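Residues per chain, in single letters:
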Amino acid sequence: MLFRSPPDPEHPRKRSVIDSDQAAVVLRVFRAFAEGVSLKKIAAMLNEDGLRAPHDGGLGNKNGHGWGHTTIRAMLSNERYLGRFTWNQSKWVRVPGRMSRRRVMRPQSEWITQEHPELAIVPQELWKAAQSRFRRVHASARGRPVGTGRRARLVSGLLRCGVCGGSMT
């Protein structure tokens, strides 16, 4: 999505506009993920094709340039691709006794959500398919009991080496 200034000088706010090239990349990412391609493979495909990543000056995945799996993950959870814009989700609060601030989430009742179907890039069916797979694949790793992973070891982390103090598996 691009932000462009409207031609009316009386109202200088910027408006969101769909960029067809960027929309094609977004659809490609959602389709690939819904078809079962992993986040890292999607990022690698986009880097191999030489597509520029958001906020990226370089190409490829060297020194933090190019597409990364975390960028793909963020795209898959961004409701703006559905045309749903939400504001007022968080606020910044000063940390007592420090010069820093931290982000605090606001209650969901304070969120402001607007629907803009004209700005939707991803169709509802594709969004649902991608979200279903996302929950199935990525949420299953969290909340799993210890020792039930793919390489479960019953005493892993319980025993320590008497010489080096390292964990024994």
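Refer to the structure above for everything that follows.
It should be emphasised that the depicted structure is a prediction, and the values quoted were computed from it without experimental measurement.

With that out of the way, let us pick up the nonpolar core. Counting 25 residues, the largest nonpolar core has V29, F30, W67, I72, L76 and V122 as the members making the most contacts within it. Those elements that place two or more of their residues in this core are α1 (20-34), α2 (39-48), α3 (69-76) and α4 (124-138). The element best represented in this core is α1, accounting for eight residues.

Okay, α4 next. When the terminal C-alpha atoms of α4 are compared, their 21 Å separation across 15 residues agrees well with the 21 Å that a helix rising 1.5 Å per residue should span. Residues L126, W127, A130, Q131, R133, F134 and H138 constitute the buried set of α4. Down the axis of α4, the smallest arc covering the buried residues is 165°, so these residues share one side. α4 presents E125, K128, R135 and R136 as exposed residues on the side facing more than 90 degrees away from its buried surface. Those residues of α4 that are buried lie in contact with α1, α2 and α3.

Residues of α2 that are buried: L39, I42, A43, L46 and N47. One face of α2 carries all of its buried residues, which in axial projection span an arc of 135°. Away from its buried face, by an angle of more than 90 degrees, α2 presents the exposed residues K40, K41 and E48. In this structure, the buried side of α2 is in contact with α1, α3 and α4.

Bringing the packing of α1 against α3 into the picture now. Interhelical geometry of α1 versus α3 gives an angle of 95° and a closest axis separation of 10 Å. In terms of orientation, α1 and α3 fall into the roughly perpendicular class. Between α1 and α3, the contacting residues are V26, V29, F30 and F33 on the first element and I72, M75 and L76 on the second.

What counts and what doesn't
Residues numbered from 1 in each chain as written. Predicted model: local features only at pLDDT ≥ 70, side-chain atom pairs only at ≥ 80, totals over all residues. Heavy atoms only, no water. Core = buried A, V, L, I, M, F, W, Y, C linked by side-chain atoms within 4.5 Å. Buried < 20%, exposed > 50% of the residue type's maximum accessible area, 1.4 Å probe, protein only. Helix = DSSP H or I, 4+ residues; strand = E, 2+ residues; numbered from the N terminus. Expected span 1.5 Å × (residues − 1). Arc of directions from axis to C-beta. Contact = heavy atoms within 4.5 Å. Axes fitted to C-alpha atoms, helices over the stretch in contact; angles between N-to-C directions. Parallel < 35°, antiparallel > 145°, perpendicular 65-115°, else oblique.

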